[in-house]
Amino acid sequence: MTRPLRLALLGCGTVGAEVVRLLHEQAADLAARIGAPLEIAGIAVRRQGRDRGGLPVDPEVFTTDALGLVKRDDVDVVVEMVGGIEPARTWLVEALRAGKSVVTANKALLAEDGGTLHDAAAESGADLYYEASVAGAIPLLRPLRESLQGDTITRVTGIVNGTTNFILSAMDATGAGFAEALDEATELGYAEADPTADVEGFDAAAKAAILASLAFHTRVSAADVYREGITEVTAADVASAKAMGCTIKLLCIASRGPDSTGAESISVRVYPAMIPRSHPLASVGDAFNAVFVEAAAAGQLMFYGRGAGGSPTASAVLGDVVAVSRNRLAGVRTPSESSYAALPIRPMGEAVTRYHISLDVADRAGVLATVAGVFARHEVSIATVRQASASSAGGTSPAARGVDAILVIVTHAAPDAALAATVEELRQLDIVRSIASVLRVEGGV
């Protein structure tokens, strides 16, 4: 055993408190795995006198001076669990430039300005680990960064937000609307008081940027990710998906392939989509996460587990703490970034997908031919057309809803720009009373 390695913990909320508890309970095992004991040098908190629920630490370790704690000479590893952009960025850059190892769960910072952290780590030769930033306890980022480095990843498709997955799973199971399912998620503690980051897709977009950066050796920020949330998904959409043998999930999709000129590029997007119930992601329910990875040599891989919560996230944080501590004792570091490919980001309009479109239309001769003509003008091929049943139209007949007929059209694959232009032209037709819903279809339906 060598001298203890000393940790500066930034934040002591749900995750931070669980990290402290596990450090205490597993102290002997962690020391044996690392080759040196771990000690808490200090814990930076917003309010120093707050009751911490009997955490097994000396109250003297708490401080409100996070930057001062980071700068201390006796700190070896900085563990950040506060979140947000600032002041977290300032703290971590200071730590990395001083050569201190950093472990963070801060997806927002990594997605917005991960490049600054990676540059600071590279300049000083410090470790930067962030397994807990995506999918909680699921071992995902390290396999992408290390285990699959000899392969070419072509696509990553994932459910990476537990709140939205719980809501959509509840809508699918009970037929509830979005508002009802959100209320249930809030009551059970799956949704925050302000659920905007989850239900509007911001959380998933940040995670998609991190996944794409690792998978495709390219710096991708949250601003590069096309994003749609789930607030417009209705009970009728869920019923229509069931009629097709599908379910609706909020997906993050990162894919590699040629752009419109044939040059290699990547597409990164987040949106609700229908997927067949036979797809591995379709059975992921409740607040669980899962990520489906496709690689040239390895084929298809799936990572599944709890993607949030104090204990799962603390597990990932401690896994990183063990890794960086071992490196520190050995005098080595693990490169935290590979961005040599620097592939351009394809605009959303060039992403190839399929649409499910529900139209309220006039019930008269020639309507279908007129609608089909619009698709043809935009070179979008129609896969199926059907008149929606009462249940899939929201539980009432077309007459009761004040419309003549409801057409449900599913397209073949086409560029998103062509599909969107088709929808916009349909919206202008006199025979189209309204466009009830538009959802993308993924997964080979």
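Thresholds applied
- Throughout, residues of each chain are indexed from 1 in the direction in which the sequence is written.
- Per-residue local features of the predicted model are confined to residues with pLDDT of at least 70, and side-chain atom pairs are confined, for both listing and counting, to 80 or more; whole-chain, interface and lining totals are unaffected and use all residues.
- Excluding hydrogens and water, the side-chain values take into account all heavy atoms of the structure.
- Residues grouped as a nonpolar core are buried Ala, Val, Leu, Ile, Met, Phe, Trp, Tyr and Cys residues, joined through side-chain atoms within 4.5 Å.
- Partly exposed describes any residue whose relative accessible area lies between the buried limit of under 20% and the exposed limit of over 50%, with all areas from a 1.4 Å probe on protein chains only and scaled to the type maximum.
- Residues are treated as being in contact if the distance between any of their heavy atoms lies within 4.5 Å.
- We call Phe, Tyr and Trp rings a pair once their centres come within 6.5 Å, taking the six-membered ring for Trp, and we label the pair stacked below 30 degrees between planes, edge-to-face above 60, and tilted otherwise.
- The way it works is that DSSP assigns letters per residue, a run of H or I at least four long becomes a helix, a run of E at least two long becomes a strand, and they are numbered from the N terminus.
- Any Lys NZ or Arg CZ found within 6 Å of a ring centre and within 35 degrees of that ring's normal is scored as a charge over the ring.
- One less than the residue count of a helix, multiplied by 1.5 Å, gives the span that helix is expected to have.
- At every residue, the bend is computed as the angle between two fitted axes, covering the seven residues ending there and the seven beginning there respectively.
- If DSSP finds at least two bridges between two strands, the strands pair.
- A fitted line through C-alpha atoms serves as each axis, taken over the contacting stretch for helices, and the angle formed by two N-to-C directions is quoted from 0 to 180°.
- Basic side-chain nitrogens of Lys or Arg form a salt bridge, by our definition, when they fall within 4 Å of a carboxyl oxygen of Asp or Glu.
- pLDDT measures how confident the predictor is about each residue, on a scale from 0 to 100.

(A) Focus on the nonpolar core. In this structure, L10, V78, L140, I153, I167 and L211 are the most contacted members of the largest nonpolar core, which totals 80 residues. The residues touching I153, leaving out its near neighbours within four places in the chain, are L144, L148, A215, F216, R256, V293, E294 and A295.

(B) Focus on the packing of aromatic side chains. Across all of its chains, the model carries two aromatic pairs by this definition. An angle of 35° between the planes, with centres 4.6 Å apart, marks the rings of F166 and Y190 as tilted. With F166 in helix α7 (residues 162–174) and Y190 in the loop between α8 (178–187) and α9 (196–199), this pair connects stretches of sequence that are 24 residues apart. Owing to a relative accessible area of 30%, Y190 belongs among the partly exposed residues under this scheme. Taking 5.2 Å as the distance between ring centres and 5° as the angle between the ring planes, the aromatic pair formed by F288 and Y304 counts as stacked. Within this pair, whereas F288 is found in strand β11 (residues 288–295), its partner Y304 is found in strand β12 (residues 299–306), the two being separated by 16 residues in sequence. F288 gets classed as buried once you look at its relative accessible area, which sits at 18%. Its relative accessible area of 47% is what places Y304 among the partly exposed residues. Here the guanidinium or amino end of R145 rests over the ring plane of Y130, the centre of that ring lying 5.9 Å away. It is R227 that lies over the ring of F202; its NZ or CZ is 3.8 Å from the centre.

(C) View of helix α5 (residues 107–124). With 18 residues, α5 extends only 22 Å from end C-alpha to end C-alpha; this falls clearly short of the ideal 26 Å at 1.5 Å per step. At D113, α5 shows its strongest bend, of approximately 90°. Along α5, the residues that are buried comprise L109, L110, A111, D113, G114, G115, L117, H118, A120 and A121. Immediately beyond the C-terminal end of α5, within one or two residues, lies G125, with a positive phi of roughly 75°.

(D) Fine view of the sheet that holds strand β2 (residues 38–44). The strand order across the open sheet built from six strands is β3-β2-β1-β4-β5-β6, with neighbouring strands paired in parallel fashion. Here the strands that pair on one side only, and so sit at the sheet edges, are β3 (62–63) and β6 (128–129). As judged from the two bridges shared by β2 and β3, these two strands associate in the parallel manner. Each residue of the ladder has a partner; that of A44, found in β3, is T63. Against the sheet, helix α1 (residues 14–25) engages β1 (5–10) and β2, with an angle of about 160° to β2.

(E) Highlighting the pattern of salt bridges. According to the stated counting rule, one finds 23 salt bridges in the structure shown. One salt bridge in this structure joins R155 and E442, with 3.3 Å as the shortest N-O distance. With R155 in strand β7 (residues 153–159) and E442 in the segment after β17 (432–441), the pair connects residues that are 287 residues apart, well separated along the chain. Residue classification places R155 among the partly exposed positions, given a relative accessible area of 22%. Classification of E442 as buried rests on a relative accessible area of 8%. In this structure, the salt-bridge partner of E264 is R256, at a minimum N-O distance of 2.9 Å.

(F) Seen up close, the side chain of T411. Take T411: it is sitting in strand β15 (residues 405–411). When sequence neighbours within four positions are dropped, the list of residues in contact with T411 reads R354, Y355, F375, V380, S381, I382, A383 and L419.

(G) Structural context of α1. Counted at 1.5 Å a residue, the expected span for α1 with its twelve residues is 16 Å, and the 17 Å between its end C-alpha atoms agrees. Within the sequence span of α1, burial applies to V15, G16, E18, V19, V20, L22 and L23. Residues of α1 that are buried sit in contact with β1, α2 (27–34), β2 and α12 (310–330).

(H) A look at the confidence of the model for the protein. Taken as a whole, the protein shows an average pLDDT of 92; of its residues, 96% reach a score of 70 or greater. Predicted confidence for residues 394–403 stays below pLDDT 50, and this span has 13 contacts to residues more than four positions away or in other chains.

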